Each structure stands twice: as structure tokens, then as C-alpha cells.
Amino acid sequence: ECVCLTVLLLAHVGLTLGIAELLSLTMLKKRPFSTRSVPENRPSSARANPVKTDNPGHRNGIGPSARGGGVRLPLARQIDYRWVMVGSLLPDLVDKPLGLLLLVNLFGSARIVAHSLLFTLVLGISGWYLYHRFGKTQVLTLAFGSLVHLLLDQMWRQPPSLLWPLYGWSFPRGGFVSFGDWLARVLRIWEASPGVLISEVLGGLIIAGFVL
């Protein structure tokens, strides 16, 4: 188990939020929203103000379009950053209880099923279907957050876990005997590695920028 490659909560959440915001701004710049997507038989006031929402999860103040409502907003305008935050931690939320608490004798690892590319791929395909069929973006957002999580964890350095089950159905054992053992080792690496501290501070600053 490469705990030396671990980034912690603030880094995962903050950096994923920052990447999502940059992608959103880039997509909107390349393809700005046009009211021409609103049918001409709708009132002019509706064309001027296509969609309004008080959903605090949308930094742009625009929520997901309802299927059949006549307005098809760009995906970049439908990002709910609350789901981005959940997705940024989803692999850990699945694998750490499973591999370090429930089945620690079997796995003893913090990176198993949800840290595989297959897990993110299934989420992505499901999310893409739900988005195109029903206009729902939640699962697609979770897939994005999970993918960024794998990148931040540098999972390409652990091919048996990343490409599971191509290397076999079992996962490499991490050598941990409990969640507390994993946490103690991570904290020791955190104290010795300035890179982990820098990533945590940067992630915290990005989160603060979203909140303030």
C-alpha cells in the first residue's frame, strides 16, 4: 500500500472543486449558452430568463434542465458542486470502510473496488445514460469526482488495483490490520512529506473560495 501517495480530505475535495470550476468555465467560453435553445413560441420573458433556481449547489445560479421543458442547458451550467464534493471522496467512502473495517482480514487495503477504473467507468456510463435520458447529472458528476480522485491518488502506480480485474480478481494486500493502523501510517507520512501538507493547504484555500 503506497500511503506516500495519499492526499487527504481537503486536497481531494478542494482540488476536485477547482478542476470542475476550470472545466466549467472553459466549456462555457467555448460554447456560451444561447437563448436560441428556447422555442420561439414561448414568451419573450422566458427566453430572456430561461431557468432560475435557488439551489445553493449551483455556483452559476442555474440548475439542471427538466426533460421536455424546452430548454437544454449546456452540461457545464448544470454542475451541482455538492455532488462534486461527494464524488471526490466516493472511492474512499466505499473502500476504506470495506477494506479497513468490514473485511480488513480479507483485504487490509484502503484501495480496492472503488479505486478501480472499472468502478468509475460503470458510474460514467450510467451517468451519461441518465443525463441523456432524463437530464439528471448527479451520477455523471459522481463519476467525474471519482476519476479525479484516482488521478490525485496516482493510481496508475498501482496497476493491479486500477485495472482490476485484468490482473486477477484479488487485490494486492495493503498490510494494514485496522483503520487506525492505516490512519497512523498516513499521518506519519503527512508529517514527513511537505507535498501532502501543501496539497491540503491548497485544497483548503479552494474550498474557502467556494464558501466565501
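Okay, so let's go over this structure. From a predicted model like this one, the values you see are computed outputs, not experimental measurements.

## Description of helix α4 (residues 117-134)
Residues three or four positions apart in an α-helix share a direction because the helix packs 3.6 residues into each turn.
Part 1 of the argument: Here α4 spans 25 Å end to end across 18 residues, near enough to the 26 Å set by a 1.5 Å rise per residue.
Part 2 of the argument: Taken residue by residue, α4 has Thr120, Leu123, Gly124, Gly127 and Tyr131 as its buried positions. Down the axis of α4, the sector holding all buried residues measures 100°, keeping them to one side.
Part 3 of the argument: The first or second residue beyond α4 is Gly135, which carries a positive phi of 75°.

## Quick look at the packing of aromatic side chains
Part 1 of the argument: Applying the stated criterion across every chain yields a total of seven aromatic pairs.
Part 2 of the argument: An angle of 70° between the planes, with centres 6.0 Å apart, marks the rings of Phe107 and Phe171 as edge-to-face. Here Phe171 lies in the loop between α6 (159-162) and α7 (179-192) and Phe107 lies in the loop between α3 (81-102) and α4, a separation of 64 residues in the sequence. The same class applies to Phe107 as to Phe171, namely buried.
Part 3 of the argument: For the pair Tyr129 and Phe134, a centre-to-centre distance of 6.4 Å together with 85° between the ring planes defines the contact as edge-to-face.
Part 4 of the argument: Classification of Phe134 as partly exposed rests on a relative accessible area of 39%.
Part 5 of the argument: Through successive ring pairs, a cluster of aromatic residues spans Phe107, Trp164, Trp169 and Phe171.

## A look at the environment of Leu118
Part 1 of the argument: By the secondary structure assignment, Leu118 is in helix α4.
Part 2 of the argument: The spacing of Leu118 and Ser161 is 43 residues in sequence and 9.9 Å in space, taken between C-alpha atoms.
Part 3 of the argument: Leaving out residues up to four positions away in the same chain, Leu118 has contacts with Leu162, Trp164 and Pro165.

Parameters at a glance
- Residues numbered from 1 in each chain as written.
- Predicted model: local features only at pLDDT ≥ 70, side-chain atom pairs only at ≥ 80, totals over all residues.
- Heavy atoms only, no water.
- Helix = DSSP H or I, 4+ residues; strand = E, 2+ residues; numbered from the N terminus.
- Expected span 1.5 Å × (residues − 1).
- Buried < 20%, exposed > 50% of the residue type's maximum accessible area, 1.4 Å probe, protein only.
- Arc of directions from axis to C-beta.
- Phe/Tyr/Trp six-rings, centres within 6.5 Å; stacked < 30°, edge-to-face > 60°.
- Contact = heavy atoms within 4.5 Å.

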